[in-house]
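The primary structure of each chain is shown beneath.
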Amino acid sequence: MKLDKNLALNFFRLKNIEARHFPKKLAGGKKPDFMLFRKDVLFGYCELKSIMDYDFFGERRDSTYNKIQNKIHDASKQFTSSNADHTLPNILFFINHSKKLNYGDLWLVLTGQAMPPNHNSDPIDIRYLRRLSIKGDLLNIDYIIWANLNEDKTCFVVCQRSD
């Protein structure tokens, strides 16, 4: 969506980062949306994933957590096709349009835990994290940015991978 791409471009511009659309002509599979430059030096890649209200596939409804997990998996494959050696950082940028979702849904997928105040010390559901770990998807993503567009003003949350 054009609105989402403009939001990402403006987000990076405010940080003195130029996000350039990835050339479509390059071979090697589907590429991330943007190459990130600082003073004309390539320093990273960014894949933009939009989250809309629930999608329906025939009779089956895809759960929120499966949807987020699948978007992470797709982004990981795109980063691998352009940054196979992972010599530069990969940034996954979620733009959430749904009033039913928030950063806590991403948090549960990444940690298996609910966000505070419902957080306890034991993971409650690690199946999504387990699937991402088995596929090695999280190793290809260095930062995740989550932007909520369903509020009066846009809210950004940034998280960094910890090894």
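Our structure's up above, just so we're on the same page.
Residues numbered from 1 in each chain as written. Predicted model: local features only at pLDDT ≥ 70, side-chain atom pairs only at ≥ 80, totals over all residues. Heavy atoms only, no water.

Asker: Please set out the overall build of the chain residue by residue, giving values where relevant.
Answerer: Of the regular secondary structure elements, the chain holds 4 helices and 8 strands. Across the chain, helices and strands are ordered from the amino to the carboxyl terminus as α-β-β-β-β-β-α-β-α-α-β-β. Expressed as a percentage of the 163 residues in the chain, the buried residues total 45%. The long-range fraction of contacts in the chain, counting pairs at least 24 apart against all pairs at least 6 apart in sequence, stands at 56%. By element, 52% of the accessible surface of the chain is carried by carbon and sulfur atoms, the whole surface being about 9,600 Å². (Helix = DSSP H or I, 4+ residues; strand = E, 2+ residues; numbered from the N terminus. Buried < 20%, exposed > 50% of the residue type's maximum accessible area, 1.4 Å probe, protein only. Contact = heavy atoms within 4.5 Å. Areas by Shrake-Rupley, 256 points an atom, 1.4 Å probe, with all protein chains shown as cover.)

Asker: Provide a residue-level description of the nonpolar core, including the pertinent values.
Answerer: In this structure, I68, I72, F94, L106 and I144 are the most contacted members of the largest nonpolar core, which totals 24 residues. Those elements that provide at least two residues to this core are β2 (34–38), β3 (41–51), α2 (64–82), β6 (90–96), α3 (103–111), α4 (127–135) and β7 (143–148). For this core, the element with the highest residue contribution is α3, accounting for 5 residues. Apart from the residues lying within four places of it in its own chain, the contact partners of F94 are K49, I51, I68, K71, I72, L106, I144, I145, W146 and A147. (Core = buried A, V, L, I, M, F, W, Y, C linked by side-chain atoms within 4.5 Å.)

Asker: Would you mind going over a positive patch on the surface in detail, with residue names and values included?
Answerer: On the surface, K77, R130, R131 and K135 cluster together into a patch of positive charge. Considering every element that reaches the positive patch, the biggest residue donor is α4, with 3 residues. Note that R130 resides in helix α4. Look at R130 and you get partly exposed, because its relative accessible area is 46%. (Patch = residues over 30% accessible without salt bridge, like charges linked within 9 Å, V, L, I, M, F, W, Y side chains within 5 Å. Salt bridge = Lys/Arg side-chain N within 4 Å of Asp/Glu carboxyl O. Lys, Arg positive; Asp, Glu negative; His and termini not counted. Charge placed at Lys NZ, Arg CZ, Asp CG, Glu CD.)

Purely spatial values, then, with no claim about function.
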